[in-house]
Amino acid sequence: MGLLLLVIVLLGYILPYTVFTNVAKWYGSFLVWTVLALIVIGINYFLTRNWGDDQ
């Protein structure tokens, strides 16, 4: 899971400067960052949902 988070963070830097270089509007990169942030929030939820449970 940690490696997946690292890949998503790297995509946040790489995609706007490679795939979306011809998108002149600011919301092109903003949409990518928003989607990636929601994915990271979801992954963090699954990683921490049983954090305080006694086993």
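Structure shown above.
First things first, this report covers the structure right here in the doc. (Residues numbered from 1 in each chain as written. Predicted model: local features only at pLDDT ≥ 70, side-chain atom pairs only at ≥ 80, totals over all residues. Heavy atoms only, no water.)

### A look at the environment of Leu36
- In this structure, Leu36 sits in helix α2 (residues 27-48).
- Residues Leu36 and Leu11, 25 residues apart in the sequence, show an inter-C-alpha distance of 8.2 Å.
- When near neighbours in sequence (up to four residues on either side) are disregarded, Leu36 contacts Ile8, Leu11 and Gly12. (Helix = DSSP H or I, 4+ residues; strand = E, 2+ residues; numbered from the N terminus. Contact = heavy atoms within 4.5 Å.)

### Here's the deal with α2
- Taking 1.5 Å of rise per residue, the 22 residues of α2 would be expected to cover 32 Å, and the 31 Å separating its terminal C-alpha atoms lies within 8% of that figure.
- Burial in α2 covers these residues: Gly28, Ser29, Val32, Leu36 and Ile43. Looking down the long axis of α2, one finds its buried residues gathered within 85° of arc, a one-sided arrangement. Within α2, the exposed residues directed more than 90 degrees away from the buried face are Leu31, Leu38, Ile41 and Tyr45.
- On its buried side, α2 packs onto α1 (2-18). (Expected span 1.5 Å × (residues − 1). Buried < 20%, exposed > 50% of the residue type's maximum accessible area, 1.4 Å probe, protein only. Arc of directions from axis to C-beta.)

Keep in mind these numbers describe shape, not what the thing actually does.
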